[in-house]
Amino acid sequence: MLSANVLALYGQNGSGKTALIDFLGIVKRAISGRSVPKYMYELITFGAMKASFSIRFSIADSERITYMLYSFSIKKEETGSSEEKNQFYTTICDEVLSISNYENDKCINPMKPVIDTTKGEPFGPQTKYNELIPDKEKLTDVIVAKKMAYKSGTSFIFSNDFMKIITEEANN
């Protein structure tokens, strides 16, 4: 017996089919720590500084559901090198990861930012930063990881460098 899954997007020209596929591609790359293709800045509305995206997802087990909201923007940046004048790339910025927890259908923690790269350096809220990175000696490493992610067009929150720092801190 043959089995197949088929997903089709149907709609008039200009109804957003390609925009949906582009959105899914950008989100997939962001949350997997891969760089956004350089040409993606072409998705930013003419005259706008950036395009913003949000996706909500959940992780559940038998007792608890954790909802996460990941918001970020893509921005067009000039390479800055003299031999590549008028060359651009796409970067990810303004990342916010918010989390809420539910147990037995009851909210135990309302949606609050855990990592917000728009507040503080390298990120806020400060209480969450202190909780995730208790070693004050790691501040430079986190700032460098954030700058490297920005320059390479990858998510800071989901970057390998930041994940490594978080993992090291959790194991200490």
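Residues numbered from 1 in each chain as written. Predicted model: local features only at pLDDT ≥ 70, side-chain atom pairs only at ≥ 80, totals over all residues. Heavy atoms only, no water.

Visitor: Give me the lowdown on the pattern of salt bridges, citing residues and values where you can.
Guide: Evaluated as defined, the whole model comprises seven salt bridges. Between Lys119 and Asp116 there is a salt bridge, with the nearest N and O atoms lying 3.9 Å from each other. (Salt bridge = Lys/Arg side-chain N within 4 Å of Asp/Glu carboxyl O.)

Visitor: Explain the pairing of strand S2 (residues 64-78) residue by residue, including any values.
Guide: When strand S1 (residues 50-60) meets S2, the two strands line up antiparallel, connected through 11 bridges. Note that in S2 the partner of Ala60 across the bridge is Ile65. Between S1 and S2, which pair antiparallel in sequence order, lie three residues. In terms of strand pairing, S2 meets strand S3 (residues 88-103) through 14 bridges, oriented antiparallel. The residue of S3 that forms the bridge with Glu77 is Tyr89. (Pairing = 2+ DSSP bridges. Helix = DSSP H or I, 4+ residues; strand = E, 2+ residues; numbered from the N terminus.)

Visitor: Tell me about the packing of aromatic side chains, and name the residues and values.
Guide: This model, assessed by the stated rule, comprises 10 aromatic pairs. Judged by centre distance (5.8 Å) and plane angle (25°), the rings of Phe23 and Phe53 are stacked. Separated by 30 residues along the polypeptide, Phe23 in helix H1 (residues 17-31) and Phe53 in strand S1 bring together distant segments of the chain. Judged on exposure class, the residue Phe23 and its partner Phe53 are both buried. (Phe/Tyr/Trp six-rings, centres within 6.5 Å; stacked < 30°, edge-to-face > 60°. Buried < 20%, exposed > 50% of the residue type's maximum accessible area, 1.4 Å probe, protein only.)

Visitor: Can you break down the sheet that holds S3 residue by residue, with the values?
Guide: The four strands lie next to each other as S1-S2-S3-S4, forming an open sheet whose pairing is antiparallel. The sheet terminates laterally at S1 and strand S4 (106-116), the two strands that pair on one side only. The mean angle between the axes of side-by-side strands here comes to 20°, regardless of whether they run parallel or antiparallel. Pairing of S3 with S4 involves seven bridges; the strand directions are antiparallel. (Axes fitted to C-alpha atoms, helices over the stretch in contact; angles between N-to-C directions.)

Visitor: An account of the nonpolar core is requested, with residue identities and associated values reported.
Guide: If you look at the biggest cluster of nonpolar residues, it comprises 30 residues, and the most contacted ones within it are Tyr70, Phe72, Ile74, Val142, Phe156 and Phe162. Elements that contribute at least two residues to this core include exactly H1, S1, S2, S3, S4, helix H3 (139-152) and helix H4 (160-171). If sequence neighbours within four positions are ignored, Phe156 has contacts with Glu95, Thr117, Phe123, Val142, Ala145, Lys146, Ala149 and Phe162. (Core = buried A, V, L, I, M, F, W, Y, C linked by side-chain atoms within 4.5 Å. Contact = heavy atoms within 4.5 Å.)

Visitor: Tell me about H4, residues and numbers included.
Guide: Between its first and last C-alpha, H4 extends 16 Å over 12 residues, near the 16 Å set by a 1.5 Å rise per residue. All buried positions along H4 are accounted for by Phe162, Ile165, Ile166 and Glu169. In a view along the axis of H4, the buried residues occupy a sector of 95°, so they form one face of it. Turned more than 90 degrees off the buried face of H4, the exposed positions are Asn160, Lys164 and Asn171. (Expected span 1.5 Å × (residues − 1). Arc of directions from axis to C-beta.)

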